[in-house]
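Observations on chain architecture
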Protein chains: 2
Amino acid sequence: MKNTFLSFEQVSLSDGFWKKWQQINAAVTVPAIYDRFAESGRFDALRLDWKEGQPHPHIFWDSDTAKWIEAAAYVIEKNGDTALIEKVDALIDLIAEHQEECGYFNSYYQQFQPEKRFTDRTDHELYCAGHLMEAAVAYHRATGKDKLLSVVCKYADYIEKIFVKEQSASFVTPGHPEIELALVRLYEETGELRYLNLARFFVNQRGLKPEQQYEWADPSYSQSHLPVREQKTAEGHSVRACYLYSGMADIARYDSDNELLNACKAIFDNIINRRMYITGGIGSAANGEAFTIDYDLPNLTAYSESCAAIALIFFAHRMLMSELDGKYSDTIERVLYNGFLSSISLDGKSFFYVNPLEINPTLLNRNRSLLDKSEHLPITQRLELFGCSCCPPNIARLMATVGGLLYSQNGNTLHIHQYMAGTAEFDGTKITQQTSYPSDGTVRILVEKYQGSEIAIRIPGWCRNWQLRVNDQPIQPRMEKGYAFFPCSSNAEILLQMEMATEIIEANPLVTENAGRAAIMRGPVVYCAEGADNGENIHSIWITDELDAEEWDSEQFGCKCLRIDAWQPAPSQSLYYPANKQPSVQKRLTLIPYFGFANRGESEMLVWLLKK
Amino acid sequence: MKNTFLSFEQVSLSDGFWKKWQQINAAVTVPAIYDRFAESGRFDALRLDWKEGQPHPHIFWDSDTAKWIEAAAYVIEKNGDTALIEKVDALIDLIAEHQEECGYFNSYYQQFQPEKRFTDRTDHELYCAGHLMEAAVAYHRATGKDKLLSVVCKYADYIEKIFVKEQSASFVTPGHPEIELALVRLYEETGELRYLNLARFFVNQRGLKPEQQYEWADPSYSQSHLPVREQKTAEGHSVRACYLYSGMADIARYDSDNELLNACKAIFDNIINRRMYITGGIGSAANGEAFTIDYDLPNLTAYSESCAAIALIFFAHRMLMSELDGKYSDTIERVLYNGFLSSISLDGKSFFYVNPLEINPTLLNRNRSLLDKSEHLPITQRLELFGCSCCPPNIARLMATVGGLLYSQNGNTLHIHQYMAGTAEFDGTKITQQTSYPSDGTVRILVEKYQGSEIAIRIPGWCRNWQLRVNDQPIQPRMEKGYAFFPCSSNAEILLQMEMATEIIEANPLVTENAGRAAIMRGPVVYCAEGADNGENIHSIWITDELDAEEWDSEQFGCKCLRIDAWQPAPSQSLYYPANKQPSVQKRLTLIPYFGFANRGESEMLVWLLKK
């Protein structure tokens, strides 16, 4: 049995936390990315007439453009933005104009090394192709226009010819997964089974034989160390990894392939039980942008790429389609409110590529006797554009489609996964969520003309006490894997009341970096202490079990902020001294949502506070 | 007024902690280094007949050989080892044979780029020359033989000609200091003022004008960012730095140059108050082997090079000649018992170049998806030889001469700086120390036929309670800068009783890495917890103020070991959970002297323990 999600198109968010973010996305983020991409030459690159003196195109610029088109399509779908349609059409015209007769399209290869097509596994050609497919599907659904869809179908057919029929490429599987999940989406949109077959081909071939790697990489860097069904741990470049795992989960679902699904389950469990930051960030090493080893989760040098957080949501979302288990929806929620949202500034214009859990600006100058002073420390302020700017349009496309993560159906059961104010309409049924989540834990759900017989509503893993009422009567639902099941038909008013307390969270003792430390969460939101509120040397501040927490609504962060009891050692002139010589001074520590850090200038930031 | 030290030649250690180390040094270390250097081609390189297929000489191999000669000379001085004399003479013959008529000698340049002599500031020519001078002085004092001394005098004269008279070199000051302090020693041995003048020249010229740097280095890397008198913080490559500071302290002392002395004082204070590990290790960054910024003292990635620890002793020793202050002798003691001794295995054969304060072997594989998996983590076991093997002979020469750090005189006052069992004889006076320090804090000092009128004995900074008795009578000495002054003439029996408790030491709250952590010291010895005794995941073990410490004599480490109360969180399957969900289990934690870590196979090691 498969769980079929309502698409974001069927869900309209109303005033509330995520609606505000979607408004910023449409009004600021999508236009801002367009402008930065235009200025940086990404769109001109599609003209295939690069001249000396212009910014030099990069091998994956097509994917940036494609992801922007995809994000724009989602905004158009909801808002019908005519000016945006014109911009997208102009880009699509350029792509269609330059597609080769055979179907190939890659603005970089066609201009700079036309004879080397499909000879370098690490050069992102199939990755770019995959993103064009996702863009085409999104734009076709948004507008009914099929120009880009035709382009990518023709391209997909050409890829099938080269990689499957002729096997004339220099490699078998892409160095950067993405096309697998994209081909599944192309199949879903067109109904053409050959695209699903091609996706399955790329998934199944991976790891069967040695393939080209970067000269500095182990095969696990591109998840090619083992056949996919034998992979049980998350390895290598974390974005590559979770794009692949998403494609694997798709194929497992369509093929009812339990061996493949079990590999996905093992990998997912490995991630959430051993290799994920409390923020949902993954890929702890800048070196290789990669998963490392179990429990290796450094805070200051955390890589935790924005695209990897997004890819983990993709993976979890697809796992939820095969298996209703709160660990998947809990993970989606953990990423959404923390490691995903941290990647964008509150004004929607600037982005983090890397999302550390600690910032200490003084350390940026630690290598003062070297010309390259920064080592691998993350930047401390968000930027409007990166040389490798994969993250911004990825953020925009997810932001526009979070509504697609809320509901799924399986037979006569409707699943409610996430809490966001808004309305869903499907098959004559209307579901309305009224909530100010995550500011508080009360969710009122109005069900109208429901055709099924049962509802399953997620009780988040963070929640210790909750009550469920239907039509004002308390009920005792059946609990299964984090979901509360109860009968429901036709109309009903469901009231879920989740106690949302300020909680002290510890990490597994094997996480070296967090030994003796604790994080503060309230509901799904991870908090941090920032220098802007708390002065310097936050690393030395300690808390106890007695927080005496006070909370208030913050307009700036759209969420509660907190104040708790803490202590900080007094300054000293000595470097080493007998214990307890230095008194600690009590102070009230202000905590803001982690996602909101670095919006008030450069300052220290810390998630994991000392706890005595 | 200058404090004149008794040389190591005037001090004979007897049974006790350091005597054992000196015996190992003479019997094992010096011969082992000779063998490794011979095998690796370092001595053959002096033949200037390198052929394809042989190990290729390196630009600083002459300095390795010179430091070994110097160490051997000290052993010969004490033990009169004939076989060793023959080995040294053979090396000196090769050097003398190949010295050019003009005086130049550099086995690398003469063979591989004779036309480039003194054109590359970063190529260590003057550094090698300096070490040859130190070797020559030591061997002349040990044996009276002057062949090498003649070589280096001629070379020094040539250097003076090129750098001062002709100014025909491509640079003014050496990229790697060493020759400054070496020229002072050459002056002290020969009485030739021109060598002191040349040392002063190199000190004074530094930082006056921009000079060549490595292409990746800031001028501060080689302490060339400012004129020396304007330098107030310890910067750059830490060995270069402390060799230079030693030379600066020498010139300041000879010239009574207060401006230069004040620069040295400021730099010394900067080191010990802000940039030194609790072990006395300095230079916290592998990147540049360098000092970084105040309070930046990472434990796992600590560089803390063995040569830098030794160089800090050189610097402190020279400062003590100008100013009697316990901070200098405390620092010497801190380095000797910790960051210096950790650099050599208990059997005397193997060495650390880098001395971390934490070892976590599992992290060595964290970059598992990359071919280069190790990042910048230090090696976990000592080696017999390094490609850059500057440390081993440096360790050997200091080990042989620790007796030279014990006593100094100023007018009618004798200063007693360090506690080591043994006898010093000078000017008809005999001083005998009886002690099992650092195993306990009782030192009995017999003074015979003392010609002065006063003694000043250091009360270590680590000591909180002590008693001083002279001829069995308690006395109330005058305290000044960490020294207890009391009248003494002719014969006396001094009894210093220092309470040596197991102490919990904290670091300045600005040391990020040590926040919430504490180290255990007993007397001058820093302790660590090692996996060999305590199992895995030592980072999660926590202690409180109640240690319930138990101590015992360890034959293996030649020092007390400790056992204290500690707690460790029980294992968990979850990655994150509410605080206090995981119980902690009480255990007795075994601590060994830090210097003894990594002598029982690879395992975890930790100095800074969690403290609640």
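What counts, and where the lines are drawn
- Residues numbered from 1 in each chain as written.
- Chains lettered and ligands numbered in written order.
- Predicted model: local features only at pLDDT ≥ 70, side-chain atom pairs only at ≥ 80, totals over all residues.
- Pairing = 2+ DSSP bridges.
- Helix = DSSP H or I, 4+ residues; strand = E, 2+ residues; numbered from the N terminus.
- Expected span 1.5 Å × (residues − 1).
- Buried ≥ 20, exposed ≤ 12 C-beta atoms within 10 Å, placed from the backbone.
- Least-squares fit on C-alpha atoms with pLDDT ≥ 70 in both.
- Contact = placed C-beta atoms within 7 Å.
- Domains from an automatic or database assignment.
- Nonpolar A, V, L, I, M, F, W, Y, C, P; charged D, E, K, R; others polar.
- Axes fitted to C-alpha atoms, helices over the stretch in contact; angles between N-to-C directions.
- Parallel < 35°, antiparallel > 145°, perpendicular 65-115°, else oblique.
- Left-handed = near helix turned anticlockwise from the far one by under 90°.

**Some details on the sheet that holds strand 13 (residues 483–487) of chain B**
Residues and elements named next belong to chain B.
- The strand order across the open sheet formed by six strands is 1-4-5-9-13-12, and the pairing between neighbours is mixed. The open sheet is flanked by strand 1 (4–5) and strand 12 (478–480), the only strands paired with a single partner.
- For strand 12 and strand 13, the ladder comprises three bridges, and the chain directions are antiparallel. Each residue of the ladder has a partner; that of Arg478, found in strand 13, is Phe485.

**Considerations on helix 11 (residues 306–322) of chain A**
- Between its first and last C-alpha, helix 11 of chain A extends 25 Å over 17 residues, near the 24 Å set by a 1.5 Å rise per residue.
- Across the 17 residues that make up helix 11 of chain A, a large majority, 15, are buried.

**What about the relation of the copies chain A and chain B?**
- Mapping chain A onto chain B is achieved by rotating through 180° and translating by 0.0 Å along the same axis, at an RMSD of 0.1 Å. Such values leave the two copies arranged in the relation of a two-fold axis. Within chain A, the C-alpha atom positioned nearest to the axis of rotation is that of Lys612(A), 2.4 Å from it.
- Here 100% of the contact residues of chain A are again contact residues in chain B; the copies associate through an equivalent surface.

**Remarks on the domain arrangement of chain A**
All names here are of chain A.
- Parsing chain A into structural domains produces domain 1 (26–211), domain 2 (213–358 + 368–405), domain 3 (407–498) and domain 4 (502–611).
- Computed over C-alpha atoms only, the centres of domain 1 and domain 2 are separated by 21 Å.
- Each partner contributes residues to the interface: domain 1 has 33 residues there, and domain 2 has 35 residues.
- Broken down by secondary-structure element, the contributors of at least two residues to the side of domain 1 that touches domain 2 are helix 1 (17–39), helix 2 (61–79), helix 7 (179–190) and helix 8 (193–205).
- Partitioned by chemical class, the residues of the side of domain 1 that touches domain 2 number 16 nonpolar, eight polar and nine charged.

**Digging into the packing of helix 5 (residues 125–143) of chain B against helix 7 (residues 179–190) of chain B**
Residues and elements named next belong to chain B.
- Contact geometry for helix 5 and helix 7: axes closest at 8 Å, N-to-C directions at 30°. Considering their axes alone, helix 5 and helix 7 lie roughly parallel with respect to each other. Between helix 5 and helix 7 lies a crossing whose hand is left-handed. Of the residues in helix 7, those in contact with Leu126, Tyr127, Ala129, Gly130, His131, Met133, Glu134, Val137 and His140 of helix 5 are Ile179, Ala182, Leu183, Arg185, Leu186 and Glu189.
- In terms of residue class, the contact of helix 5 with helix 7 is built from nine nonpolar, three polar and three charged.

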